Amino acid sequence: MIDIAKMRLYMTQIGLATLTLALTIWAADLITGSIASRAVVVGAIASTAFILFISPHSNTARHRHVIGGHLVSIAIALPFALFANSVSGVAFSFYIAIAVGLSMLAMAAINTEHPPAAGTAFAIVAHGVSFSLVFFVLIAIGSLVVVHSIFRRWMKDLY
């Protein structure tokens, strides 16, 4: 038997996440161009949306973790991204892996653990220094956090 109230809750929260993501990606694409082609960072942002709207009261959905995790990952990945374009093969892979590992370590050390932010570090190094990419991450995270802040009190953890 289908629980109508639970189904309505799922549809509302997932619809809110979908609408926020769609508007954010559309706006960022208008401002910076071609965001959709940067699949890794879009995946990281989509994973953040999942956490915020499926388990809105979890520890990793706390704004400190969401914002802090992505900011830490950006800060750590940017220096690696500066030099990653000058290497290839195994060295390139190690640049990405080290940036992701250091991001994870830093998030754990300063209590801003947010697993999707590791994908942000990956994307920044993989795509090279791109201020439009960093801008997109900041706008997307800001938009998701604002919508989460507004609706959190009415949302339920859906897991």
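Everything in this summary refers to the structure shown in the same document.

Cut-offs and rules
Residues numbered from 1 in each chain as written. Predicted model: local features only at pLDDT ≥ 70, side-chain atom pairs only at ≥ 80, totals over all residues. Heavy atoms only, no water. Helix = DSSP H or I, 4+ residues; strand = E, 2+ residues; numbered from the N terminus. Contact = heavy atoms within 4.5 Å. Buried < 20%, exposed > 50% of the residue type's maximum accessible area, 1.4 Å probe, protein only. Patch = residues over 30% accessible without salt bridge, like charges linked within 9 Å, V, L, I, M, F, W, Y side chains within 5 Å. Areas by Shrake-Rupley, 256 points an atom, 1.4 Å probe, with all protein chains shown as cover. Salt bridge = Lys/Arg side-chain N within 4 Å of Asp/Glu carboxyl O.

1. Focus: the side chain of His65
Phase 1: Mapped onto the elements, His65 comes out in helix 3 (residues 63-84).
Phase 2: With sequence-adjacent residues up to four places away left out, His65 is seen in contact with Asn59, Thr60, Asn111, Thr112, Glu113 and His114.

2. Re unusual backbone geometry
Phase 1: Phi is positive for Asn111, which is not a glycine, with a value near 55°.
Phase 2: Within the secondary structure layout, Asn111 lies in the loop between helix 4 (89-109) and helix 5 (116-127).
Phase 3: In this structure Asn111 comes out as partly exposed when scored by relative accessible area, which is 35%.

3. Some details on a nonpolar patch on the surface
Phase 1: Together, Val90, Phe94, Ile98, Leu102 and Leu105 give the surface a local cluster of nonpolar side chains, amounting to about 500 Å² of exposed area.
Phase 2: Here Leu102 lies in helix 4.
Phase 3: For Leu102, a relative accessible area of 38% corresponds to the partly exposed category.

Note that every value here comes from positions in space, so none of it alone points to a role or purpose.
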